[in-house]
Amino acid sequence: MLFHVRMDVHLPRDLPPEEAAEILAREKAYSQALQHSGKWRHIWRLAGEYANFSIFDVQDNAELHEILTGLPLFRFMKITVTPLLRHPSSIREDDS
Ligand SMILES: O=C(O)C[C@H]1C=CC(=O)O1
């Protein structure tokens, strides 16, 4: 199942820089492992915002929930999920 996910990051101003750096390093490793697995298909920065648009390809809602709640930055994010399905006018052979 494909999902569009918007993640808005709000790091607290009083978060110690060393702690922030450690969380961001774990976030990057977590994200890149999921990208290598094919479950996190795309990630795009939103110009001018500390936010991204991502596309996930997962088994079901429960797997997406597990992935998103496992994000090291989860507690500092507002996450908006939109389920996707194939458009009837799409000319693509597959859903990639
Ligand atoms: O920077 C972000 O958009 C937040 C987060 C999502 C993946 C990642 O590496 O960082």
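Residues numbered from 1 in each chain as written. Predicted model: local features only at pLDDT ≥ 70, side-chain atom pairs only at ≥ 80, totals over all residues. Heavy atoms only, no water.

What follows covers the overall build of the chain. Within the chain, the secondary structure is distributed over two helices and four strands. In the chain, the succession of helices and strands from N to C terminus is β-α-β-β-α-β. Principal-axis analysis of the C-alpha atoms gives the chain an extent of 50 × 25 × 20 Å. Within the chain, the proportion of its 96 residues that are buried is 30%. Partitioning the intrachain contacts of the chain with sequence separation of at least 6 by distance along the chain shows that 69% fall at a separation of at least 24. For the chain, the exposed area adds up to about 6700 Å²; of that, 57% sits on carbon and sulfur atoms. Put simply, the chain has 11 plus and 14 minus side-chain charges, and the middle of one group is 4 Å from the middle of the other. (Helix = DSSP H or I, 4+ residues; strand = E, 2+ residues; numbered from the N terminus. Buried < 20%, exposed > 50% of the residue type's maximum accessible area, 1.4 Å probe, protein only. Contact = heavy atoms within 4.5 Å. Areas by Shrake-Rupley, 256 points an atom, 1.4 Å probe, with all protein chains shown as cover. Lys, Arg positive; Asp, Glu negative; His and termini not counted. Charge placed at Lys NZ, Arg CZ, Asp CG, Glu CD.)

So, about the packing of aromatic side chains. Each aromatic ring pair is summarised here by two numbers: the centre-to-centre distance and the angle between the ring planes. The tally for this structure, following the rule as stated, stands at one aromatic pair. When the ring of Trp40 is compared with that of Phe56, the centres are 4.6 Å apart and the planes differ by 40°; the resulting orientation is tilted. Linking Trp40 in strand β2 (residues 40-45) with Phe56 in strand β3 (residues 51-57), this pair joins segments that are 16 residues apart in sequence. By the burial criterion, Trp40 is buried, and Phe56 matches it. (Phe/Tyr/Trp six-rings, centres within 6.5 Å; stacked < 30°, edge-to-face > 60°.)

The next point concerns the UniProt feature "domain: Muconolactone isomerase" (unreviewed entry) in the chain. Mapped onto the present numbering, the UniProt feature "domain: Muconolactone isomerase" (unreviewed entry) falls at residues 1-89. Counted over residues 1-89, helix gives 34% and strand 33%. Its end C-alpha atoms are 19 Å apart. (UniProt positions renumbered as here; feature names shortened; annotations may be inferred.)

A regular strand places its side chains so that they alternate between the two faces of the sheet. Two strands pair when backbone bridges link them, and β2 and β3 are joined in this way by five bridges, in the antiparallel orientation. What sits directly across from Arg45, in β3, is Asn52. With antiparallel pairing between neighbouring strands as the criterion, β2 and β3 make up a hairpin whose turn holds five residues, including Gly48 at a positive phi of roughly 80°. (Pairing = 2+ DSSP bridges.)

In this structure the tally under the stated criterion is six salt bridges. Across the pair Arg6 and Glu49 runs a salt bridge, and its minimum N-O distance is 2.6 Å. Remark: Glu49 occurs in the loop between β2 and β3 and Arg6 occurs in strand β1 (residues 2-9); sequence separation between them is 43 residues. A salt bridge links Asp57 to Arg41; the nearest nitrogen and oxygen atoms lie 2.6 Å apart. Of this pair, Asp57 sits in strand β3 while Arg41 is found in strand β2, placing the two residues 16 residues apart along the sequence. Given the relative accessible area of 24%, Asp57 is considered partly exposed. What makes Arg41 partly exposed here is its relative accessible area of 29%. Each member of the salt-bridge network shares a partner with another, and the members are Arg6, Asp8 and Glu49. (Salt bridge = Lys/Arg side-chain N within 4 Å of Asp/Glu carboxyl O.)

This brings us to the site of the ligand. Neighbouring the ligand are the residues Val9, Glu27, Lys28, Ser31, Trp40, Ile43, Arg45, Tyr50, Asn52, Leu73 and Met77. At 2.7 Å from an oxygen atom of the ligand is found a side-chain nitrogen or oxygen belonging to Arg45. Separating an oxygen atom of the ligand from a side-chain N or O atom of Asn52 is a distance of 2.8 Å. Protein burial of the ligand: of its 280 Å² of free accessible surface, 86% is covered by the chains. Classifying every residue of the shell around the ligand gives six nonpolar, two polar and three charged. (Near = heavy atom within 4 Å. Polar contact = N/O pair within 3.5 Å; in protein donor to acceptor, adjacent residues only side chain to side chain. Nonpolar A, V, L, I, M, F, W, Y, C, P; charged D, E, K, R; others polar.)

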